[in-house]
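Single-letter residue listing:
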Amino acid sequence: STPYPIYRIENGEKMSTRDDQRKFAFVIMPGFPLACLTSAIEPLRACNEITGTDQFSWQVVSENSDTVKCSAGVTFDPDITLAELPHCDAIYLLSTPNSQFGDQRLSNGALRNLHRRGAIIGGFSGGILQMAGGSAGDRSDAARACGAD
């Protein structure tokens, strides 16, 4: 396949005919830094707008369906829960350094399952500590390195 998008015109607008739309998931946890989420999504949105395509899609995900408040006090209603998330190309965890999943077994299992199916897992801010997994004690060295302990 060509590395360049092929376009079709639909209702006077240029649309991609590529079947390889890149799907991103942003897992937000209470207190996550809002700047991290907007800095990650805005380039994807801008690329879609500039190219007139839908090359990138994204969902805001949480551990459960509860509203999540970020560090700036803005609340978000997730699009989907982590356990319900279908395949995606990349998952990014966004949290404070001290955040933990409420149900470690279920949420870490969902991440492992998505990773086994090919998803890349990354993190922003405290989300890198979530990638360390386990309990807070297991992550204490990484948390201290980030100034969280």
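Here, the structure is the one placed above.
Here is what the cut-offs are and how they apply
Residues numbered from 1 in each chain as written. Predicted model: local features only at pLDDT ≥ 70, side-chain atom pairs only at ≥ 80, totals over all residues. Heavy atoms only, no water. Phe/Tyr/Trp six-rings, centres within 6.5 Å; stacked < 30°, edge-to-face > 60°. Helix = DSSP H or I, 4+ residues; strand = E, 2+ residues; numbered from the N terminus. Buried < 20%, exposed > 50% of the residue type's maximum accessible area, 1.4 Å probe, protein only. Contact = heavy atoms within 4.5 Å. Core = buried A, V, L, I, M, F, W, Y, C linked by side-chain atoms within 4.5 Å. Pairing = 2+ DSSP bridges. Right-handed = clockwise from strand over helix to strand, strands pointing away. Salt bridge = Lys/Arg side-chain N within 4 Å of Asp/Glu carboxyl O.

Draft legend 1. Region of the structure containing the packing of aromatic side chains. On inspection of all chains with the given rule, the structure shows six aromatic pairs. With centroids separated by 5.9 Å and ring planes inclined at 20°, the aromatic side chains of F26 and Y92 adopt a geometry described as stacked. Highlighted residues: F26 in strand β3 (residues 22-28) and Y92 in strand β8 (residues 90-95), separated in sequence by 66 residues. Here F26 falls in the buried class, since its relative accessible area comes to 1%. Summarising the aromatic geometry, the rings of Y92 and F124 are spaced 5.3 Å apart at their centres and angled 50° between planes, so their arrangement reads as tilted. Of the two residues, Y92 sits in strand β8 while F124 sits in strand β9 (residues 120-125), which places them 32 residues apart along the sequence. The exposure class assigned to Y92 is partly exposed, which follows from its relative accessible area of 23%. Judged by its relative accessible area of 27%, F124 is partly exposed.

Draft legend 2. Looking closely at the side chain of S62. On the secondary structure map, S62 appears in strand β4 (residues 56-62). The exposure class of S62 is buried, given its relative accessible area of 2%. Ignoring anything within four residues of it in the chain, the contact list for S62 reads I28, V68, P78, I80, T81 and L82.

Draft legend 3. The nonpolar core, seen in detail. Counting residues in hydrophobic clusters, the biggest one holds 16 residues, and the most contacted among them are F24, F26, I28, F32, L37, F76 and L94. Elements with a contribution of two residues or more to this core: β3, α1 (34-51), β4 and β8. Here this core takes five residues from α1, the largest share from any one element. Those residues within four positions of F26 in sequence are excluded, and the remaining contacts are L37, A40, I41, L44, W58, Q59, V60, V61, Y92, L94 and F124.

Draft legend 4. Structural view of the pairing of β9. In terms of strand pairing, β8 meets β9 through six bridges, oriented parallel. Residue pairing for β9: L93 is matched across the bridge by G123. For the crossover from β8 across helix α2 (residues 104-116) to β9, the handedness is right-handed.

Draft legend 5. Focus on the pattern of salt bridges. In total, this model carries two salt bridges according to the counting rule given. For E42, the salt bridge is made with R45, and the minimal N-O distance between the two is 2.5 Å. On the criterion of helical spacing, the pair formed by E42 and R45 is a turn pair, its members being three residues apart in helix α1. Note on R45: relative accessible area 32%, which makes it partly exposed. The shortest N-O distance in the salt bridge between R45 and E49 comes to 2.3 Å. A residue pair is termed a helical-turn pair when its members lie 3 or 4 positions apart in one helix, as R45 and E49 do in helix α1 at four residues. Residues participating in the shared-partner salt-bridge network are E42, R45 and E49.

Draft legend 6. Examining the pairing of β3 more closely. For β3, the buried fraction is high: five of the seven residues fall into the buried class. As paired elements, β3 and β4 share six bridges and run parallel to each other. Pairing of K23 across the sheet is with S57, part of β4. Taken together, β3, α1 and β4 constitute a β-α-β crossover, and its handedness is right-handed. Sheet topology note: the β3/β8 ladder contains five bridges and is parallel.

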